[in-house]
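A look at the structure
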Amino acid sequence: MSDKRQGTNSGQRASRRDFLKAGIGLGGAVAAGKAFAAEADPAITEVQDWNRYLGAGTDATPYGMPSEHEAEVVRRNVRWLTASTESSVNFTPLHALDGIITPNGLCFERHHAGVAEVDPAQHRLMINGLVERPLVFTVDDLKRFPRENRIYFLECAANSGMEWRGAQLNGCQFTHGMVHCVQYTGVPLKRILDEAGLKTSAKWIMPEGADAAGMNRSVPLEKALDDCLVAFKMNGEALRPEQGYPLRLVVPGWEGNMWVKWLRRIEVGDMPWHTREETSKYTDLMDDGRSRRFTWVMDAKSVITSPSPQAPMIHKGHNVLTGVAWSGRGMIQKVDITLDGGKNWQPARIDGLSLPRALHRFYYEFTWNGEPLLMQSRAVDSSGYVQPTKDELRAVRGLNSIYHNNGIQTWHVTNSGEVENVEIS
Ligand SMILES: Nc1nc2c(c(=O)[nH]1)N[C@H]1C(S)=C(S)[C@@H](COP(=O)(O)O)O[C@H]1N2
Ligand SMILES: [Mo]
């Protein structure tokens, strides 16, 4: 395993080596300021092999794969983070992506007991507890309900959790890559609960997974009846096994842990169950020894994905800065950018769809003369909430936290174009 997979500073050196190998030539010499393109480029006068010979036929790739030149764009682990890969996480390669949709094969994975291998023909979803009629559905039964398509981000509450005590991981894949955004196809949970008939005492639901962790969480009924889905497709095709095939709960804008995968049962009750995942985990220990609990909503957050440590600056002159922003409370109203550590802020351009509880894509075009930069993005959501600095967060939450770190990220660009994770105060 190359040290690149570790996502640490040594990992960053490895990736720089790869850039040199690939002939991009970073080593201190950033390409000087041609406008956008060279006028006389020999690559256009030389006829290449692919311009001369037949390509592969239509039977070569029954399921299409990315170009071999994109082989570096993969999910990556941080080996030292967890004791085993079954109870672990890998990270979305945000630095290499664009738009707001995460391709299925690049969605980060977080499992407590590995990827359950579920046979959809044997799988069932049971609704029990405080209902008039306990019901058991096959996957095909669920596909007979009216279905909806909705685009949502999913962020693990532990995203950026390693950064609470200071800058640590060198790459937005590792600092911010526990987020993905796909289009789900599924049945509103309300339809399914209505079919079972809620008793008047019903106040909470407890979704439960069919994996070895049997993961479960308490979700207030108000949310369940509002916008939750029981999804069976992502980006048009069946859920991937890693994302909960054949059924997953979608809990828009709320922490990823509640989006139970391999969904097998929903119990309806009148009180929360106080499961492991909402007592010893996914709670925030404050400085005074008390814990914040049921911190469900993911607050507004943003990150510059390129330039970033894994996507260094390679040109002087015209440059495109891009990133993503999201909020569990609704839409992103605006994103501001600073290149000088917060002295001056300019609005970024949000391009593409602007949907509630989905990723938003922003761009900021600028000219770089080779001076060092301190780049930050700051998101404001449709509720008026402004993304805080990391120090502002620490002032209210202390230093014991892991979860819900939505502080502003700083990237330091050196005069050779390398980018590093830093903090400024
Ligand atoms: N059944 C089950 N559901 C689960 C988990 C799990 O381990 N088992 N992990 C949860 C956590 S902590 C997160 S952040 C999300 C991750 O979803 P993903 O793997 O699609 O990224 O799934 C949640 N649902
Ligand atoms: Mo999570």
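Residues numbered from 1 in each chain as written. Chains lettered and ligands numbered in written order. Predicted model: local features only at pLDDT ≥ 70, side-chain atom pairs only at ≥ 80, totals over all residues. Heavy atoms only, no water.

**A few points about the confidence of the model for the protein chain**
Convention followed: The pLDDT value expresses, per residue, how confident the predictor is, ranging between 0 and 100. Runs of E in the DSSP output that reach at least two residues are strands. Runs of H or I that reach at least four are helices, and both are numbered from the N terminus. Contacts are assigned to residue pairs with any non-hydrogen atoms lying within 4.5 Å of each other.
Taken as a whole, the protein chain shows an average pLDDT of 92; of its residues, 92% reach a score of 70 or greater. Strand β11 (residues 248-250) holds the highest mean pLDDT among the elements of the protein chain, 99, whereas helix α1 (residues 9-21) holds the lowest, 35. Counting contacts from residues 1-27, a segment whose pLDDT is below 50, to residues more than four positions away or on other chains yields 48 contacts.

**So, the environment of K334**
Put simply, the test is: Buried, partly exposed and exposed residues are distinguished by accessible area as a fraction of the type maximum, computed with a 1.4 Å probe on protein chains only: under 20%, between the cut-offs, and over 50%, respectively. Counted as a polar contact is a pair of N or O atoms within 3.5 Å, where, for protein atoms, one must be capable of donating a hydrogen and the other of accepting one, and residues adjacent in sequence contribute only when both atoms are in side chains.
Along the chain, K334 falls in strand β17 (residues 332-338). By relative accessible area, which is 38% here, K334 ends up partly exposed. C-alpha of K334 to C-alpha of P356: the two residues are 22 residues apart in sequence and 13 Å apart in space. Within polar-contact distance, the side chain of K334 engages the side chain of D336 at 3.1 Å.

**Observations concerning the domain arrangement of the protein chain**
To keep it simple, the criterion reads: Domain start and stop positions are those given by an automatic or database domain assignment. As a working definition, buried area equals the accessible area (1.4 Å probe) given up by two parts on being put together, with both sides summed.
Domain boundaries in the protein chain define domain 1 (94-292) and domain 2 (301-422). Centre-to-centre, using C-alpha coordinates, domain 1 lies 27 Å away from domain 2. Contacts between the two partners involve 43 residues from domain 1 and, on the opposite side, 43 residues from domain 2. When the area that domain 1 buries against domain 2 is broken down by residue, the three leading residues are I100, W164 and H176, summing to 22%. Counting across the interface, domain 1 meets domain 2 through 23 residue pairs in polar contact (both at pLDDT 80 or more). Listing elements by their share of the side of domain 1 that touches domain 2, those giving two or more residues are β5 (148-155), α3 (172-176), β6 (179-188) and β13 (284-285).

**Some remarks on the site of ligand 1**
Just so we agree on the cut-off: Here a residue counts as near a molecule or strand whenever at least one of its heavy atoms sits within 4 Å of it. Using a 1.4 Å probe, the Shrake-Rupley method yields the accessible areas, and only the shown protein chains count as cover for residues.
Surveying the vicinity of ligand 1 reveals 21 residues, the closest of which are F108, H112, D211, R248 and K261. The side chain of K261 places a nitrogen or oxygen atom 2.5 Å from an oxygen atom of ligand 1. Contact with the protein chains removes 100% of the 530 Å² of surface that ligand 1 exposes when unbound.

**Description of the nonpolar core**
In summary, soluble globular proteins display a tendency toward joint burial of nonpolar side chains. What counts is decided by this rule: Among buried residues, the Ala, Val, Leu, Ile, Met, Phe, Trp, Tyr and Cys ones that are joined through side-chain atoms within 4.5 Å form a nonpolar core.
If you look at the biggest cluster of nonpolar residues, it comprises 56 residues, and the most contacted ones within it are L125, I127, Y184, L189, L193, I205 and V230. Per element, the largest residue contribution to this core is five residues, and it comes from strand β9 (residues 229-234). Ignoring sequence-local partners within four residues, the contact set of V230 consists of L125, L142, G186, V187, L189, I192, L247, R248, L249 and L263. Of all hydrophobic cores here, the second largest spans 33 residues; its members include I151, C172, V324 and W411.

**A word on helix α6 (residues 390-397)**
The test is simple: Relevant arc is that of directions from the helix axis to the C-beta atoms, nothing else.
The complete set of buried residues in α6 reads K390, L393, R394 and R397. Down the axis of α6, the buried side of the element spans an arc of 100°, and every buried residue falls inside it. Exposed and facing more than 90 degrees away from the buried side of α6 are A395 and V396. Of the surrounding elements, those touching the buried residues of α6 are β13 and β14 (291-292). Backbone geometry just downstream of α6 places G398 in the positive-phi region, at approximately 80°.

**Quick look at the pairing of strand β4 (residues 135-138)**
As a general feature of sheets, a regular strand has side chains that alternate between the two faces. We count it as follows: Only strands joined by at least two bridges in the DSSP assignment are considered to pair.
Relative to β4, strand β3 (residues 124-129) runs antiparallel, the two being bridged by four bridges. Considered in β4, the bridge of R124 is made with T138.

**Comments concerning the pattern of salt bridges**
This is how the line gets drawn: What makes a salt bridge here is a side-chain nitrogen of Lys or Arg within 4 Å of a carboxyl oxygen of Asp or Glu, nothing more.
Scanning the model with the defined rule gives 24 salt bridges in all. Among the salt bridges present, the one from E109 reaches R75, with a minimum N-O distance of 3.1 Å. With E109 in the loop between β1 (88-89) and β2 (110-111) and R75 in the loop between α1 and β1, this pair connects stretches of sequence that are 34 residues apart. With respect to class, E109 is no different from R75; both count as buried. Between D194 and K190 there is a salt bridge; the shortest N-O distance is 2.9 Å. Of this pair, D194 and K190 both sit in helix α4 (residues 189-196), four residues apart, roughly one helical turn. Three or more residues are tied together by salt bridges with common partners; here these are E208, R264, R265 and E267.

**Some details on α4**
Those residues of α4 lying buried are L189, I192, L193 and A196. Each buried residue of α4 sits inside an arc of 95° when the element is viewed along its axis, so together they form one side. Backbone geometry just downstream of α4 places G197 in the positive-phi region, at approximately 80°.

**What about the pairing of β3?**
Hairpin connection from β3 to β4: five residues lie between these consecutive antiparallel strands. Where β3 meets strand β12 (residues 263-269), four bridges bridge the pair, whose relative direction is parallel. Following the sheet pairing, I127 is matched in β12 by I266.

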